[in-house]
Amino acid sequence: MHDVWRSKRRLAIASAAAVLALILSACSGPSGQNPQASGDPYTGSLTYWFWGESDVPGSTNWMQAAVSRYEALHPGIHIQVVPQATQTLQGAFQTAAQAKSGPDIAMQWATLPVLTPAWRGQITPLTGLIPESELSQWPNTQENTYDGKVWAMPLYLLGVPFVWNKDLFAKAGLDSTHGPQTWDELLADCAKLKAAGITPIMAGDKDGAFGSWFQSVVGTQTLDSVQELQAVYAGKADFSDPKYSGYLTRLAELRDKGYLSSDIASVESTEAWQSFAQGKGAMTWATDGNVAAWVKQGLGPKLGVQKTPQIATGKLAQYYDATQSISAFITSWSSQKAQAAAFLTWLHTSENMTNWYTTTGAFPADKRFDPSAITDPVMTQLYKLDTLPNQLWAENYAPPQVDDQGLRTVAQALLAGSTSASDATSQIAGIIKAWQTQQPDDFKTYSKWAAG
Amino acid sequence: MGSPIHTTVDRRIATGSPRVKVRRLRGGTWPYAFIFPMIVCLGLVFAYPLITVVRNSVYTSSMGETTFSGLENYRSLLQDPVFMTSLFNSLKLLVVVPVVTVVAVLIALMLYEGTKGWRAYRITVFVPYIIPATAIGISFSYLLQENGIVNIALRRISLGFLAQDWIGNSNIVLFSVGGLLVWTQLGFGVIVFTASLLSLPKELSEAAAIDGATRWQTNRLVVLPQIRGTVEFFLVLQAIQVIAWTFPYVYILTHGGPGNASSVMDLYVWRYAFQYSSPGLSSAAAVVLLLLAGVLIAIYTRLRMKQGER
């Protein structure tokens, strides 16, 4: 009897100890560094969270093919490509960063979406992991530079051209070889198109992108410098100043005059671009990658591309709207940083960059790319725009929270007709202030970064 | 006739000897040791996350460092118009609960009364409940767009004046979300109420019929009172569902837009936790959500207790 009791007690204690051990092991965090961490850069297993399909249709397939080639070159390495969705790109990475597990290589949009995780210690600088001679071949690295270090690698250039359908312009009695050059010309063209029963501007804003894009392509034309743009987020300027918020009035004007597609509030950008390609609207703002896809479909002769019409006279009005867009970086918790850096470097080889262009039609972000490969006149025009000396994508400079809650969401309400331009202005100003209060350290670091 | 050992033990227990006291204590302790692992597991699954959320709600986190901030996060919530919009939207969507309940009860009564092919109807009504929320959200986003299938159909049958931007109009979008919730939850209600009705004794209804009661009178005065407990349970369950489980539908159908016109509490919690990296604010909002659900559970418990007293 006593033995039975004793054995039961032992069993109970053993099971309790097992549970405690399980808890302790679960709470003890990652089990040390991978022995391959500082070893052979061509041996190991990497997880790559990839995004690019919305900007450049076909990019996911290209990356998977590139990985297969790399694995064939280096049989000791295995790379798992995990495509990411646009809506969850930032959220999924933040979840991974909080758990300090997940990808070895991940991607975020350039500048603030890259630098914010850098400030939070969630990513590792590429400077030091990749030779300076290689980094110097990447254009616009200033977008992802902080504290003198480059934090992320560009894969392709992303210009946002103003595109028009020549056939529909001709149908409305407009000069199909020239797009509007000023705001007044844009409005006049819209009026003629609308009178001809043609949707003037095709756009989708269910994802909120159109509002923030409009700020980037139109809203910054009143400013003279990037520092002036940063000042509004760094608390040194007021968003209510028409110099910053005037674009909302213009957006409301397009809405009120019925120049935007009627379903703008209920379709995504990509759906609107599909409609544009089907000839359902006369003008749009698109990406190089989407224009490249249309050119591949044989729509090139029907398309006109140019810089956004000049709206204002600020110095930034002379800038073109191109960016590195999505940028790849190595996570701070990755135990295989050398392997990740070797793969990123390999992606930028001349052979891969040319292959990227011929496969996707989008321009690689590499100064070694030979532009003689571009033969289509529409794409030649886009490459000229993308390689102009002054480039800026203003959305990259907005803190992600302000971008999502303010520039995107508030403008979405404006486009849906549920708020006025003046109310939208005060709402965005309030959201900027709320971010400064809710994220004091991010705000402090942003201000330091903005001060240079 | 007991064995000598039992007799000795019984005597010792009767006399209260110290050795028996120790054994009694041991005998009373070791069962607890056996259930200890389960208590720990339950604690990890339920208590730990709950305590962590409540704890995080009084801390501010930035750049990986947390600072105690008292009720600051709650104050920020109250000052945040997006939170207030999300809260009110969640409360407005509670209108869905009585609608689902009434319609589900009516359909269940029709099926209970022996409609031909009632089993097929029941399965048909139940199907939306088992379709994944993501599939429903995507399908309805195509159906309800300005130029979506619903509006195209309306225009084709000369009812174009009824066509609306169901998910792009701030004044309508919440009705669209509510309608979607009714559609998905109805099947569950019908299944629950049909099962409850089928378990009722037939004698009472038959007696009422013999006494000359109409079908309406029988249902209202005899049948429905008998499933009152089920209806109350369903009401509370649905209310909790609407308050705390609408995220997948709203996220996929509208992303909370246009603007924040269809933002709800659980979407707000998710955004602050994962998009804006503000676990403090997110946790504070989650605590508010938890309190709302707690109030509903308390109401239900009280109703059940009253019913027990009756």
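A.B. asks: Got a minute to help me understand the environment of aspartate 207 of chain A in this structure?
C.D. replies: Relative to the elements of secondary structure, aspartate 207 of chain A occurs in the loop between α7 (183-195) and α8 (209-217). The spatial distance from the C-alpha of aspartate 207 of chain A to the C-alpha of alanine 424 of chain A is 18 Å, given a sequence separation of 217 residues. Ignoring sequence-local partners within four residues, the contact set of aspartate 207 of chain A consists of Thr86, Glu268 and Ser269 of chain A together with His255 of chain B.

A.B. asks: What is the right way to read the environment of valine 410 of chain A from this model?
C.D. replies: For valine 410 of chain A, the location among the structural elements is in helix α16 (residues 400-415). With 199 residues separating them along the chain, valine 410 of chain A and glycine 211 of chain A place their C-alpha atoms 8.1 Å apart.

A.B. asks: Explain the domain arrangement of chain B to me, please; I cannot follow it from the model alone.
C.D. replies: Interfaces are often sized by the accessible area lost when the parts come together. The domains assigned to chain B are domain 1 (4-56) and domain 2 (74-309). On a C-alpha basis, the centres of domain 1 of chain B and domain 2 of chain B stand 44 Å from each other.

A.B. asks: Explain the nonpolar core to me, please; I cannot follow it from the model alone.
C.D. replies: Nonpolar side chains in soluble globular proteins generally cluster together in the buried interior. Core analysis: the biggest nonpolar cluster contains 132 residues, and Trp151, Tyr156, Val291 and Ala411 of chain A have the highest contact counts within it. Per-element tally for this core: the top contributor is α16 of chain A, with 7 residues. Among the domains, domain 1 (44-154 + 325-364) and domain 2 (159-322 + 393-450) of chain A are the pair contributing at least three residues each to this core. If near-sequence neighbours (up to four positions away) are discounted, tryptophan 151 of chain A is found in contact with Val114, Leu115, Ala118, Ile123, Pro125, Leu126, Asn144, Tyr146 and Phe329 of chain A. In this structure, Tyr112, Val236, Val250 and Leu289 of chain B belong to the second largest nonpolar core, which totals 59 residues.

A.B. asks: Explanation requested: the interface of chain B and chain A in the structure shown.
C.D. replies: If you look at the interface, chain B gives 33 residues, while chain A gives 41 residues. Within the residue set of the side of chain B that touches chain A, elements represented by two or more residues are α2 (18-56) and α14 (265-275) of chain B. Tallying contributions element by element places α2 of chain B first for the side of chain B that touches chain A, with 7 residues. For the side of chain B that touches chain A, a count of residues per class yields 14 nonpolar, 15 polar and 4 charged.

Conventions and cut-offs
- Residues numbered from 1 in each chain as written.
- Chains lettered and ligands numbered in written order.
- Predicted model: local features only at pLDDT ≥ 70, side-chain atom pairs only at ≥ 80, totals over all residues.
- Helix = DSSP H or I, 4+ residues; strand = E, 2+ residues; numbered from the N terminus.
- Contact = placed C-beta atoms within 7 Å.
- Domains from an automatic or database assignment.
- Core = buried A, V, L, I, M, F, W, Y, C linked by C-beta atoms within 7 Å.
- Buried ≥ 20, exposed ≤ 12 C-beta atoms within 10 Å, placed from the backbone.
- Nonpolar A, V, L, I, M, F, W, Y, C, P; charged D, E, K, R; others polar.

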